[in-house]
Amino acid sequence: MSLLTTAPVLADHAPARAVKTFAPVSARPAGGLSLTYLGHELKRPFNRQALLINVALPAVLYLALHRTGSSHTAPPHGNFAMWMMIGIAVYGSATASTSTAVGIAVEKSSGWMRTMRLMPISSVGYVLSKVASAMLSAVLPVVVVGLLGWGTGAEGNLRVWILGLLTAWGGSAVFAAFGLGIGLTLRAEIVTSIPGLTTTALAFIGNLFLPLSGRVLQVGRWTPMFGVSDIARRALTDGCSLSGVHSSLTFVLLDVGGWFVLFVLLAARAYTKSSGRA
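Cut-offs and rules
- Residues numbered from 1 in each chain as written.
- Predicted model: local features only at pLDDT ≥ 70, side-chain atom pairs only at ≥ 80, totals over all residues.
- Heavy atoms only, no water.
- Phe/Tyr/Trp six-rings, centres within 6.5 Å; stacked < 30°, edge-to-face > 60°.
- Helix = DSSP H or I, 4+ residues; strand = E, 2+ residues; numbered from the N terminus.
- Buried < 20%, exposed > 50% of the residue type's maximum accessible area, 1.4 Å probe, protein only.
- Lys NZ or Arg CZ within 6 Å of the ring centre and 35° of its normal.
- Axes fitted to C-alpha atoms, helices over the stretch in contact; angles between N-to-C directions.
- Parallel < 35°, antiparallel > 145°, perpendicular 65-115°, else oblique.
- Left-handed = near helix turned anticlockwise from the far one by under 90°.
- Contact = heavy atoms within 4.5 Å.
- Polar contact = N/O pair within 3.5 Å; in protein donor to acceptor, adjacent residues only side chain to side chain.
- Patch = residues over 30% accessible without salt bridge, like charges linked within 9 Å, V, L, I, M, F, W, Y side chains within 5 Å.
- Areas by Shrake-Rupley, 256 points an atom, 1.4 Å probe, with all protein chains shown as cover.
- Salt bridge = Lys/Arg side-chain N within 4 Å of Asp/Glu carboxyl O.

Tallied over the entire structure, the rule returns seven aromatic pairs. Judged by centre distance (5.2 Å) and plane angle (50°), the rings of F178 and F263 are tilted. With F178 in helix α10 (residues 172-185) and F263 in helix α14 (residues 249-275), the pair connects residues that are 85 residues apart, well separated along the chain. For the pair F178 and F263, one class covers both residues: buried. Ring geometry for F204 versus F209: centroids 4.8 Å apart, planes at 85°, classification edge-to-face. The structure contains a cluster of three or more aromatic residues connected by ring pairs, namely Y91, F204 and F209. One Lys or Arg, R221, reaches over the ring of F251 and ends 4.6 Å from the middle of that ring. Here the basic side chain of R233 rests over the ring of W83, its NZ or CZ set 3.7 Å away from the ring centre.

Right, dumping it as C-alpha cells:
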C-alpha cells in the first residue's frame, strides 16, 4: 500500500523532461545560397555524351567559319578569326550550360522536387546553385575553341584573349538560368531538343556566326546572346559591330543583367510550384 501511495508523490516531484519539437517544413526559414548544397551540385558528374556533343559542335563550326570573313571586315584590334572564335566560344558556352541545366526536368519527373521541400534553402538560392553547377560544363567548350583559335591564327592582344574567353564562359550563367526555367516548366520528354535549337537560333540573330547589319541587327541587339558576345568582343571591336554599329557598354550590361534576373526569377517561380513550397 505504501508503494501505491508514494509513487504519485515521486511522480509529482520528478523534474519535467523537455520535449523537442520541430517546426513544420513550411515554417522553417528558407536560407539563401547554401554552400553545402552548392558543393554537392559541383561534385555531380556530367553526361559524357552531351558534353562531347557540346564540345564537338562549336569546334566544327569554328573550323568551318573562321576564314569566311573578308579583309574589309577585320576588327580594329585583331582579325576576323578572333572575332569568330569569341562568338563561337559564347555559343559553345551557352549551349553547354543550357543543355546541362534542362536536366532538372528529369529530377522533377522523379519526384526530387518534393524532397527539396525539406531543404532550408530558398527558391532563388536553389536556382543559383544549379546555375553555378551548369557553368562548369561550359568550361571545356570555351577552352577547346580558344585552343583552336590559337592554332589557326586568331590574332589579338592579351586583353582581347583574356576578356573574350572569360566573358564567353561567364555569360553561360544567363543561359543556365534559361535552361532551368525550361526544365522546370516543361516535361522531361520534350525538353531534350529545345536547348540546341534555341541557342542556335539566338546565336544567328545575336551576331555570333555572321556579321549582321540593318534591321536584323537592330532586333538581335535585344537578345541575351548579342549582349554577352558584345561584351566578350569589346576589347577586340571597341563596341562596334563589323558593319559599324556601336553599342554602348551600359546598354549591353543592362541587357545581359536584365535577362539574367528575369530567367532566375522565372526559374525560381517554376521551382516553387514544382516543389510545392508556399
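Where helix α4 (residues 80-101) meets helix α8 (residues 139-151), the axes come as close as 8 Å, and the angle between the chain directions of the two elements is 160°. By the angle class used here, α4 and α8 are roughly antiparallel. Considering the relative orientation of α4 and α8, their crossing is right-handed. In contact with M85, I88, A89, G92, S93 and A96 of α4, α8 contributes P141, V142, V145, G146 and G149.

Here S247 is to be found in the loop between α13 (224-237) and α14. One polar contact links S247 to R221, side chain to side chain, over a distance of 3.2 Å. Each residue touching S247, except ones within four places of it in the same chain, is listed here: R221, F226, D230, R234, G239 and V252.

Another point: a nonpolar patch on the surface. A cluster of nonpolar side chains, namely L136, V139, L140, V143, L147 and W169, defines an oily patch on the protein surface of about 490 Å² accessible area. Take the nonpolar patch: its biggest share by element is four residues, from α8. Note on placement: L140 falls in helix α8.

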